[in-house]
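Topology and contacts: notes
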Amino acid sequence: MANRGNRKVVRMNKSFQVNSALIIFGIILIYVVVSAFLALRKQPITTYKVNASNINNNIICDGIALRQEKEISSDKSGYVCYFVRDGEKVAKNSAVCTVDETGNLIQTVERKDATDTKFSSSDYLEIRSAIDVYKTGYSDTNFFEVYTFRDTIESKVMEMANQMIMKEYSAQGALAKTTVRNMVAPESGIVTYYTDGYEALTPETLQESDFDRTKYNRVALKSGEIVESGKTLFKITANESWNICCFINFDQANRILDENRLYFTLNNSDTEMAADYDMVRLENGCILVLPMEKYMIDYVNERFLSVEIILDRYEGLKVPNTAILDKQIYKVPIEYFAAGGNESGENKLYVQRTDEEGNSTVEQISPDIYETEEQFYYVDPNLFSDSDVLIKQDSQETLAVSTLEHTTLKGVYIANKGVADFSPISIVRVGDEFTIVGTKDRLREFDNIVMDAAQVLENQVLY
């Protein structure tokens, strides 16, 4: 057995050994923790994407169309059959409809329709031709023309049906004349087939209750229905003059009192109309009367109109009020600017600067020109110190920066490049939360700007 008495036991030093790598790692760890803590405490910078928009001071109200409508009544009871399309213009003594006491005329036409002899081959050819013309010129961008096409086809079908009825009326001879009354237009004008009780109203007799659409009752006059003696067969409007009457409150009335002539649109149309105006005072508001000499035929079938009176319309870029700040700038006389020689055509300034040891040097700088007056350029004061002196080129004249005139500009911080970059703006209209600014400035639609200008400083890194 080996002798263990000669073994030596070496005890290791268990004290903590500090090395440089551990120190560096600790410093980095502390820096990361502190940076993360500060980042969490830092209020995030919110940006806003600029969009085009507008603010307007227009008045939107309901209007009632009042025309000189003459009601033509029937002197006998019977089945009515119309020859003229609703809203179409007719000449004096033109046949508008018939009143058939027995209904034989309409029944005869219906029997012929059942045997497919209502329209001739030439009639169908004319309808197909109209359809082909529409299909050839059809475009998705001109889809609205489908309504014109519909009216054209309806007019052609009614015209052919009317010819058939008139032929049958003539074929029945004396028999038809004893039971069928042919009604003609007493004067030239626009024919309409409805009644609503507003036909005799004038701007002076209108009341606030007349503008309540829930109480409006419109009765359509249709072919094939029985009309009683003394009832209205159709209406004819011979005069192109008409009135658009709107009920407005006193505040709205005061807003237009200074206007000599009003501009407005109807039913959200792109057509802007103009008219002089009168007012009729009521207990709770006023009747605004817009006398018109055109467009009557376009709205002859409408009693109520949506009217937008154009007072102020401001278009531009929409920015939050919180994004707008005031920036102090210098007004530098234009004569102190010079072209950049062979380097560029930019306007530049020659600036004499003195260092701490009293040595003077002349530098050439290219400041951003924010705005131009007749004799001044507006530039950023951060480019200068109070001891700087401006030198006029090819002259002995100088101008101390400390004597330059100050003023302020409205602007925003553009954040497109991750830096708060000041951009001046021209204000068009101020709203409660947003402002409309002009589109001729450096700011453009879809630019990102700082939402709250008070959160940042100019040229601050944002992200």
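This brings us to the overall build of the protein. Check the secondary structure of the protein and you find six helices and 31 strands. Going through the 463 residues of the protein one by one, you find that 37% of them count as buried. Carbon and sulfur atoms provide 49% of the accessible area of the protein, an area that totals close to 28200 Å².

What follows covers the pattern of salt bridges. By the definition in use, this model includes 18 salt bridges. With its nearest N and O atoms 3.0 Å apart, the salt bridge here joins Lys410 to Asp326. Here Lys410, found in strand β27 (residues 405-414), pairs with Asp326, found in strand β19 (residues 325-333); they are 84 residues apart in sequence, far enough to count as distant. Of the residues examined, Lys410 reaches a relative accessible area of 38% and is grouped as partly exposed. We note a salt bridge from Lys392 to Glu397, for which the minimum N-O separation is 3.0 Å. In this structure Lys392 comes out as buried when scored by relative accessible area, which is 16%. Three or more residues joined by partner-sharing salt bridges are found here, namely Arg67, Glu69, Asp196, Glu199, Lys235 and Arg303.

The next thing to look at is unusual backbone geometry. Within the chain, Tyr295 stands out as a residue other than glycine whose phi angle is a positive 70°. One non-glycine residue, Asn459, adopts positive backbone phi at about 70°. We classify Asn459 as exposed; its relative accessible area is 51%.

Turning next to the packing of aromatic side chains. As enumerated under the stated definition, the model contains eleven aromatic pairs in all. Here Tyr198 and Tyr216 contribute two aromatic rings whose centre-to-centre distance is 5.5 Å and whose plane-to-plane angle is 70°, an arrangement assigned as edge-to-face. Linking Tyr198 in the loop between β9 (194-195) and β10 (219-220) with Tyr216 in the loop between β9 and β10, this pair joins segments that are 18 residues apart in sequence. In this structure Tyr198 comes out as buried when scored by relative accessible area, which is 9%. Both rings, one in Tyr370 and one in Phe422, keep their centres 5.4 Å apart while their planes meet at 75°; by these two values the pair is edge-to-face. On the criterion of sequence distance, the pair formed by Tyr370 in strand β23 (residues 369-372) and Phe422 in strand β28 (residues 421-424) is long-range, its members being 52 residues apart. The exposure classification of Tyr370 matches that of Phe422, with both residues buried. Site record: aromatic cluster; members linked through ring pairs are Tyr198, Tyr216 and Phe304. Above the plane of the ring of Phe376 lies Lys331, whose end atom (NZ or CZ) is 4.9 Å from the centre.

Whenever strands of a sheet pair, they do so through backbone hydrogen bonds, lying parallel or antiparallel. Within the open sheet, the four strands sit side by side as β7-β6-β4-β11. Their pairing is antiparallel. Single-partner strands in this sheet number two, and they are β7 (180-184) and β11 (226-227).

Residues Trp242, Ile244, Phe264, Leu266, Leu288, Val307 and Ile309 are the most contacted members of the largest nonpolar core, which totals 27 residues. Going through the elements one at a time, β3 (59-73), β12 (232-248), α6 (250-256), β13 (262-266), β14 (273-275), β16 (286-292) and β17 (304-310) are the ones with two or more residues in this core. With sequence-adjacent residues up to four places away left out, Leu288 is seen in contact with Ile244, Cys245, Cys246, Ile248, Ile256, Leu262, Tyr277, Asp278, Met279 and Ile309. In terms of nonpolar packing, the next biggest core, distinct from the first, is built from 19 residues, Val96, Tyr193, Leu233 and Ile236 among them.

Let us now look at the side chain of Glu308. Structurally, the position occupied by Glu308 is in strand β17. Of the polar contacts made by the side chain of Glu308, one reaches the side chain of Asn58; its length is 2.9 Å. Those residues in contact with Glu308, other than ones at most four positions away along the chain, are Asn56, Asn58, Ile59, Ile60, Tyr263, Phe264, Thr265 and Arg313.

A few words now on the environment of Met279. Structurally, the position occupied by Met279 is in strand β15 (residues 278-281). Sequence separation between Met279 and Ala253 is 26 residues, and the spatial gap between their C-alpha atoms is 8.5 Å. Among residues more than four places away in sequence, those in contact with Met279 are Ile248, Ala253, Ile256, Leu257, Cys286, Ile287 and Leu288.

In this section: the environment of Glu225. Assignment of secondary structure puts Glu225 in the loop between β10 and β11. Residues Glu225 and Tyr79 lie 146 residues apart in sequence; the distance between their C-alpha atoms is 5.6 Å.

Time to look at the state of the cysteines. Per the stated rule, a full pass over the model turns up zero disulfides. The structure places no disulfide on Cys246, whose sulfur is separated from the nearest cysteine sulfur, that of Cys61, by 3.8 Å.

Sheet topology places β15 next to β16; four bridges connect them, and they run antiparallel. Considered in β16, the bridge of Met279 is made with Leu288.

Looking now at the confidence of the model for the protein. Chain-level statistics for the protein give a pLDDT mean of 83 and a share of 80% at 70 or above. Least confident of the elements in the protein is helix α2 (residues 104-114), whose mean pLDDT is 59; most confident is β16, at 96.

Calculation rules
Residues numbered from 1 in each chain as written. Predicted model: local features only at pLDDT ≥ 70, side-chain atom pairs only at ≥ 80, totals over all residues. Heavy atoms only, no water. Helix = DSSP H or I, 4+ residues; strand = E, 2+ residues; numbered from the N terminus. Buried < 20%, exposed > 50% of the residue type's maximum accessible area, 1.4 Å probe, protein only. Areas by Shrake-Rupley, 256 points an atom, 1.4 Å probe, with all protein chains shown as cover. Salt bridge = Lys/Arg side-chain N within 4 Å of Asp/Glu carboxyl O. Phe/Tyr/Trp six-rings, centres within 6.5 Å; stacked < 30°, edge-to-face > 60°. Lys NZ or Arg CZ within 6 Å of the ring centre and 35° of its normal. Pairing = 2+ DSSP bridges. Core = buried A, V, L, I, M, F, W, Y, C linked by side-chain atoms within 4.5 Å. Contact = heavy atoms within 4.5 Å. Polar contact = N/O pair within 3.5 Å; in protein donor to acceptor, adjacent residues only side chain to side chain. Disulfide = S-S within 2.5 Å. pLDDT = per-residue confidence, 0-100.

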